[in-house]
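Each chain, written out:
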Amino acid sequence: MADISRRSMLVTTAAGAAAALTFRGATPAAAQAAATVTPAEVNGHDPITLKWLEGGVPAEVTGGTTWGVPWPRGAFAPDQQFTLTTEAGAQVPVQSWPIGYWPDGSVKWTAHAVSGAGPRAETYRLGAGTAAQPAEPVVVRTEGGKVSVDTGVITVVFERGGDHVVKSISRGETVIARDGRLVASRQDKAEEPGRIESFTGRVSSVQVEQEGPVRAVVKVEGRHKKGRREWLPFTVRFYLYAGSDAVRVVHTFVYDGNENKDFVNGLGVRFTVPMRGEPHDRHVRFAGEGDGVLAEAVRGITGLRRDPGAAVRQAQYQGRATPDPATWDQRVTTRLHWIPAWGDYRLSQLNAHGFEIHKRTREGHSWVRVDGGRRAGGLAYLGGPTGGLAFGMRNFWQLHPTELEITGAASDEATATVWMWSPRAGAMDLRFYHDGLGQDTYPEQLDALEITYEDYEPGFGTPYGVARTTELTLWALEATPASERFAQLAAANATPPLLTSPPAHNHAAGVFGSWAPVDRSVPAKAAIEDKLDLMHQYHREQVDQRSWYGFWDYGDVMHSYDGDRHVWRYDVGGYAWDNSELSTDLWLWYHYLRTGDAKAFRFAEAMTRHTSEVDMYHLGKWRGLGTRHGILHWADSAKQVRISNAGYKRFYYFLTADERIGDVMHDLIDSDRTFLVLDPGRKLDGAGTFDPDPKALGVGQTTDWGSLAMAWLAEWERGGDPIARTKLINGATTIAALPNGWVQAGVTYNLADGRYNPMTEKSVSIGSLSSVFGLIEVMTELIGLIDDQAVKAKWIEFCRLYNGTRAEQEAATGAYWGSLNLRQAYSRATAYAARQLGDQTLAKRAWQELRTGHAGYPDNHAFGSRRVTGPAVLNPVDEADLSTNASAQYGLAAFQCLALVGEHI
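For the structure given in this document, a descriptive report is provided here. For every chain, the first residue of its written sequence is number 1, and the numbers climb from 1 along that sequence. Local features are withheld for residues below a pLDDT of 70 in this predicted model, meaning they are given only at 70 or higher, and side-chain atom pairs are given and counted only at 80 or more; totals for whole chains, interfaces and linings count all residues. Side-chain metrics in this entry use all non-hydrogen atoms of the structure; hydrogen atoms and water are not considered.

1. Considerations on the sheet that holds strand E3 (residues 82–86)
When DSSP finds two or more bridges between two strands, those strands count as paired. Only DSSP runs of H or I with at least four residues qualify as helices, and only runs of E with at least two residues qualify as strands; both kinds are numbered from the N terminus onward. With respect to topology, five strands assemble into an open sheet ordered E4-E3-E7-E1-E28, the strand pairing being antiparallel. Bordering the open sheet on either side are strand E4 (91–92) and strand E28 (499–500), each of which pairs with just one other strand. Note: E3 against E4, two bridges, orientation antiparallel. The residue of E4 that forms the bridge with Thr85 is Gln91.

Below you can see the structure in the form of structure tokens.
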């Protein structure tokens, strides 16, 4: 593989790119100088209203909240300050920073953070002004090999090396928890334990990414280690907010083992918790379902044969310090040593439909069943009246098998562990699900594709390099919380409150291309909006009805339905997990943008977390590639950039400023290098020697380039590596210079500068998948960002011709494009051309294409679902004549037709 650095590429291409277009890139340094916004314009910008995503006023916030807000081009300079007030006019301390820029250098997106300790209201006003400062700002200190973060309530200390990701968490002079470490174990056989090894996370670096005054972020990286072996690399971010006693934790690990002998059977985060007071003043709490709470003491004094007194019993149950034992009934006081102390507890959620709590006195003795339920809230507490640790995991039951464990609570030091993979669940089996079935040659594999739709190839179904991100919350509490407060903490842990800007503002800001808020102003539009809502609701509810949950599965949906068995085709090759096929992620995010609906956001959020981690590779030779849909998320041999597409992740990043998603998008700017190691067309071209030329790679200018372009667009607008802007511009301009632009056959790509090599002869190569993986969306945005009439004209030509007549295609390109599929999906391309050309005939054609429903849903399609019960199904379910891919493409087409040519409906 040729070693071509980004910097050398930049040097050779920057001059040409600058000459091609007349605008400036938005690197952070250049952005401030380039912004052409006067103070008067800034100060004249009206404040906007924000609300909590789920509505109302949250009773508790996980430390604080961070969110993103878009702004129209030219509205604000990068150094603009912002002020936040409650609906009553109270100033709220807020920390703001730019996370996206327009080409003129003005701010496109800002991120904002507030502490949960600040004033809380149902709505807020955000606008230009001087930010209020917190009474006690977050203070970050770096001394020697340690980093400490002081929120004014708690202090968290990190060491730059060693086995502890967190050295200590203190509240005042009281150490609430210490020696936070990552733990993992493996076994060498799947069906039986065999040899078991335990590993501890070894820290390699600690980086302060942000340091106040409202919010601080510390990133810790390393690998799990035992002896000479280091594996399972991790990145853990810690978020702390001024005046808060909470720590939000975002944990990512990457699987880099051998799936045939490295079976992970435990993966967790563990803290040592110093125990104070007598066992009867040590408390344990577990969140059950809803607002249910299990409240117990390590040594219980309720329900005994002798009664210590009502005041004593109530104090212990409520988590307060019990009165002096000298004041109790002495028949109890003198016999306390006979009452067992239950030092070990665990709540295990091994599936999505049931959890159980067990406890024991100590190791070597039996476990006693405490209670059980359906879906636990994912939060536990260990401590007493002088302080303790609440610890939990978001999406606890959705990401099963999980567990919250307490050990040693009767001793001087206990441990609290969040198991992201419970040791009680058995091994994590990531092996391929069949033996190849004799598919040893390309012809055999292509023939098998004809029946199961699975693109199999030996050695390609590996999980090496896939990842998972999990969110956790810690609270260093001053005392055992009352049950009501604990339930509030559990609710915040399960669904962290998020502030949001309304659809009308987001749309007015001009971000994310062609879309518009929900419009029911006329019956025809209302009918489409109803269909869009029903379609979204059906797929969202299928997640629960079909139990699409689990550590590796949660967030994804299935691809196609099997009406005979009344199940989705979970076991039929490429018809199983969707893996972003035909841009399901885009559909869900645009539905949220249009509606502002909380359920829509959470649905899309779960999918983004999944597809960003599990469906793509983060290590190894296929780093930067995603895997086509299949029975296992990594099973199919089609490893492509269309699945790892950064365009599916941009929404979540800009709406939340999530650093992990930012990392993933940044890593994708070099994914064009994967064409040096893997030929996507190898089975169609034959099994010849693969000797790629970096100056003439077979990177398609539609599905491939559209996915690469999304990564470059995201990097450019974030003010990152300038090579992204260079390649994005070079690609668009050189494709447009081809005789037939985006349908030109035989194109080759230069890795060094992102240009397509020139051609003179007209020829055509086009497929129905060319633009359904984000190409339409990225081109809509790009044309709005650059001033290049050649690019615009060539793209409009493509959009006009895809669903055009044979005569139109031949006249423009010299060839008939053939009988193309997915014509309903491409109605949005027709709508775009109609809008740009001001062509009413094209606009009416776009609506006809949408209504006809070719490879989608015609107007008379039944969007309702029917209930199936009885012996035909395992559990009652709803089913409808809908497929995920058709739903995604219908939704995207309808969104854009409404936005672009809605007046012609």
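2. Notes on the sheet that holds strand E2 (residues 64–70)
Sheet strands pair by backbone hydrogen bonding; their relative direction is either parallel or antiparallel. Strand order in the open sheet formed by three strands is E2-E6-E5, with antiparallel pairing between adjacent strands. Looking along the sheet, the strands with just one partner apiece sit at the ends: E2 and strand E5 (95–101). Across this sheet, the average inter-strand angle for adjacent strands is 20°, counted without regard to direction. Inspection of the sheet shows E2 paired to strand E6 (residues 107–115) by seven bridges, in the antiparallel sense. From the neighbouring strand, Thr65 faces E6, where its bridge partner is Val114. Axis definition: a line fit to C-alpha positions, over the contact stretch in the case of helices; interaxial angles, taken between N-to-C directions, run 0 to 180 degrees.

3. Observations regarding helix H15 (residues 703–717)
Between the first and last residue of a helix there are one fewer steps than residues, each counted as 1.5 Å, and that sum is the expected span. For H15, built from 15 residues, the straight-helix expectation of 21 Å at 1.5 Å per residue is met to within 8% by its first-to-last C-alpha distance of 21 Å. Among the 15 residues that make up H15, 15 are buried, leaving the element largely enclosed by the rest of the structure. Looking at the residues trailing H15, positive phi occurs at Gly719, about 75°. Only protein chains enter the area calculation, which uses a 1.4 Å probe; residues under 20% of their type maximum are buried, those over 50% are exposed, and those in between are partly exposed.

4. Digging into the pattern of salt bridges
Here a salt bridge means any side-chain nitrogen of Lys or Arg lying within 4 Å of a carboxyl oxygen belonging to Asp or Glu. Taken as a whole, this structure holds 62 salt bridges when the rule is applied. Between Asp262 and Arg186 there is a salt bridge, and its shortest N-O distance comes to 2.8 Å. Taken as a pair, Asp262 in the loop between strand E16 (246–254) and strand E17 (263–274) and Arg186 in strand E12 (residues 174–187) lie far apart in primary sequence, 76 residues in all. Among the residues examined, Arg186 registers a relative accessible area of 4% and is labelled buried. Arg609 is the salt-bridge partner of Asp658, the closest N and O atoms lying 2.7 Å from each other. Of this pair, Asp658 sits in the loop between helix H12 (650–656) and helix H13 (659–667) while Arg609 sits in helix H11 (residues 598–613), and the two are 49 residues apart along the sequence. By relative accessible area, Asp658 is classed as buried at 5%.

5. Some points on the packing of aromatic side chains
For this analysis, a ring pair means two rings from Phe, Tyr or Trp (six-membered ring only for Trp) whose centres lie within 6.5 Å, classed as stacked if their planes differ by under 30 degrees, edge-to-face if by over 60, and tilted for the remaining angles. This structure, assessed with the given rule, holds 44 aromatic pairs. Arranged with centres 6.2 Å apart and planes meeting at 70°, the rings of Trp231 and Tyr255 form a pair that is edge-to-face. With Trp231 in strand E15 (residues 229–241) and Tyr255 in the loop between E16 and E17, this residue pair connects regions lying 24 residues apart in the sequence. Grouping residues by exposure puts Trp231 and Tyr255 together as buried. With a centroid separation of 6.4 Å and 55° between ring planes, the pair formed by Phe798 and Tyr802 is classed as tilted. Taken together, the residues span about one helical turn, with Phe798 and Tyr802 both in helix H18 (residues 789–802) at a distance of four residues. Geometry around Trp231 places Arg229 over its ring, the cationic atom sitting 4.3 Å from the centre. Each ring is checked for a lysine NZ or an arginine CZ that lies within 6 Å of its centre and within 35 degrees of its normal; such an atom marks a charge sitting over the ring. The residue whose ring lies beneath Arg569 is Tyr575, and the NZ or CZ to ring-centre distance is 4.3 Å.

So, to be careful, I would describe these as geometric facts and stop short of saying anything about function.
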